[in-house]
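Residues per chain are reported as follows:
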Amino acid sequence: MNASEPSLRAQNVACRRGDRLLFARLSLALGPGDALHLAGANGIGKSSLMRILCGLLRPYAGKVERDGALALLDERPALDTHLPLGGALAFWGRVDGIAPARLDEVADTVGLGDLMDVPVRYLSTGQRKRAALARTILQGAPIWLLDEPLNGLDTASVAMVERLVAQHCAGGGLCVLASHQPVGVTGLRRLEIAEFAA
Amino acid sequence: MIWPILKRDIALLLGGGRRGGALLPVLFFLAVAMLYPFAVGPDAKLLARTGGGVVWVAALLAAILPLDRLIEPDLEAGFFDQWALRGLAEEWTCAVRMVAHWLTFALPLMLATPISGVLLGLSGEQMMTLELGLLAGTPGLAALGVAVAAVTAGLRGGAALAGLLIMPLAVPLLIFGAGSLSAVGEGGIALTAAVSLVLVAMSPFAAGAALRAARE
């Protein structure tokens, strides 16, 4: 997708929420093909680190450098709940300048090909998660930030996400994945946020 | 990238299967014009003299209705974050939202104004001044709406607060806009347009800053 090699680096990043310092002196560097699993208990700062990495949250200290477009999947699908799934995804397709044929292809990949006419509000938790994943893939960005992508998914879908992440990295993309569950992707590095807790 | 967002904003604010859509403010606006003669009596002279002001007040109050669905639902659903990640500044998305808000709120109001005018017994000349005044003033009202909705999005009781905030801020528009019907005359419309212009220029920046601050 991107001519230059995607990369994501964080140097000595600290995060403060309210009066609490969640973590400090956290550094990471990722290049093409790298996948990183941010692990840790609830409330340790996985989502905050995700938002810092994608630039939505300013780090309390340190800096983040990024090369390449970025796609974020978090707990909010950002899909219009009153629209059929196909229409809701087509909006993002138009924003990202993606051909409609690619949209159907991605929907089939995440196993939602048959639900394109169903309004998003009728989808189950797991189906919504997969719809959000479809939006993320559709964007075609080399850097994926997936915040709890496995929440609410059945075992078959978990395997599907693991396969997609592996494919994305094999294709030269990079992926940061935050999850409190174990993730089975070969070559996945693991970063315990607890080690940087302040 | 902007065009599909504008189209979605318009569809969303027009109806979008959510709370009332664009019709509710218009009905509210007409209801005020309909109730006013009941309250003050059928004195045609009195109605013709005060009717224009009533239309302005009705427009201002109708502007409160769409505030809670202007920014908040999309902020909650993560749309603004996703746009920001694609390199679209919040100022841009707020400016687009402002245009969509004017098209879906102010334009229907201006189309309904002749009906209000008839209900209040306004003359054709008054009606013309009223429409021109609204044309000059409603962009400012839409700009205020977006800024206030962005500032109050995510706050508990934000909808009520938004209504309280927009009223005093809209006073200059009301004074010059309604004033153009009597004392100030044509100059009033020019002043309304000037106030409107300032608000339209400022609002995307205020709203964008508010959305960014809300992420902290």
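Residues numbered from 1 in each chain as written. Chains lettered and ligands numbered in written order. Predicted model: local features only at pLDDT ≥ 70, side-chain atom pairs only at ≥ 80, totals over all residues. Heavy atoms only, no water.

A. The arrangement of the environment of Arg25(A) in detail. Residues and elements named next belong to chain A. Following the sequence through the fold, Arg25 ends up in strand E2 (residues 20–30). The exposed category is assigned to Arg25, whose relative accessible area is 65%. Among residues more than four places away in sequence, those in contact with Arg25 are Asn12, Val13 and Phe196. (Helix = DSSP H or I, 4+ residues; strand = E, 2+ residues; numbered from the N terminus. Buried < 20%, exposed > 50% of the residue type's maximum accessible area, 1.4 Å probe, protein only. Contact = heavy atoms within 4.5 Å.)

B. Representation of the nonpolar core. With 98 residues, the main nonpolar core has Leu85(A) and Ile71(B) as its most contacted residues. Tallying contributions element by element places helix H7 (residues 124–152) of chain B first for this core, with eleven residues. In this view, Ile71(B) contacts Phe80(B), Arg97(B), Val146(B), Ala149(B), Ala150(B), Ala153(B) and Leu211(B); residues no more than four positions away in its chain are not counted. Within the second largest apolar cluster, 29 residues are counted, among which are Phe23(A), Ile44(A), Met50(A) and Ile193(A). (Core = buried A, V, L, I, M, F, W, Y, C linked by side-chain atoms within 4.5 Å.)

C. Examining the layout of surface pockets more closely. When its volume is computed, the second largest pocket comes out at roughly 340 Å³. In this structure, the second largest pocket is lined by 17 residues; those nearest its centre are Arg51(A), Glu75(A), Arg76(A), Asp81(B) and Arg215(B). If you list the elements that add at least two residues to the lining of the second largest pocket, you get helix H1 (46–53) of chain A together with helix H4 (72–77) and helix H10 (186–215) of chain B. If you tally residues by element for the lining of the second largest pocket, the top one is H1(A), at four residues. (1 Å grid on protein atoms, 1.4 Å probe; cavity = no way out; pocket = protein on both sides within 12 Å on 5 of 7 lines; lining within 4 Å. Points joined across faces, edges and corners; volume = space filled by probe spheres on them.)

D. Geometry of empty space enclosed by the protein. All names here are of chain B. A complete count under the given rule lists one cavity of 30 Å³ or more for this structure. Its boundaries defined by the atoms lining it, the largest cavity holds a volume of some 50 Å³. In terms of lining residues, the largest cavity is bounded by Leu13, Gly21, Ala22, Pro25, Pro66, Arg69, Leu70, His101, Thr104 and Phe105. The element best represented in the lining of the largest cavity is helix H6 (residues 90–119), accounting for three residues. Classifying every residue of the lining of the largest cavity gives six nonpolar, three polar and one charged. (Nonpolar A, V, L, I, M, F, W, Y, C, P; charged D, E, K, R; others polar.)

E. Representation of the packing of helix H3 (residues 44–62) of chain B against H7(B) in the model. Residues and elements named next belong to chain B. Interhelical geometry of H3 versus H7 gives an angle of 20 degrees and a closest axis separation of 11 Å. Judged by the inter-axis angle, H3 sits roughly parallel to H7. The way H3 lies across H7 gives a crossing that is right-handed. Residues Ala48, Gly52, Val55, Trp56, Ala59 and Leu60 of H3 lie in contact with H7, whose contacting residues are Gln126, Leu130, Gly133, Leu134, Gly137 and Leu141. Across the contact of H3 with H7, the residue classes break down as eight nonpolar, four polar and no charged. (Axes fitted to C-alpha atoms, helices over the stretch in contact; angles between N-to-C directions. Parallel < 35°, antiparallel > 145°, perpendicular 65-115°, else oblique. Left-handed = near helix turned anticlockwise from the far one by under 90°.)

Such coordinate-based values are descriptive only and should not be taken to indicate function.
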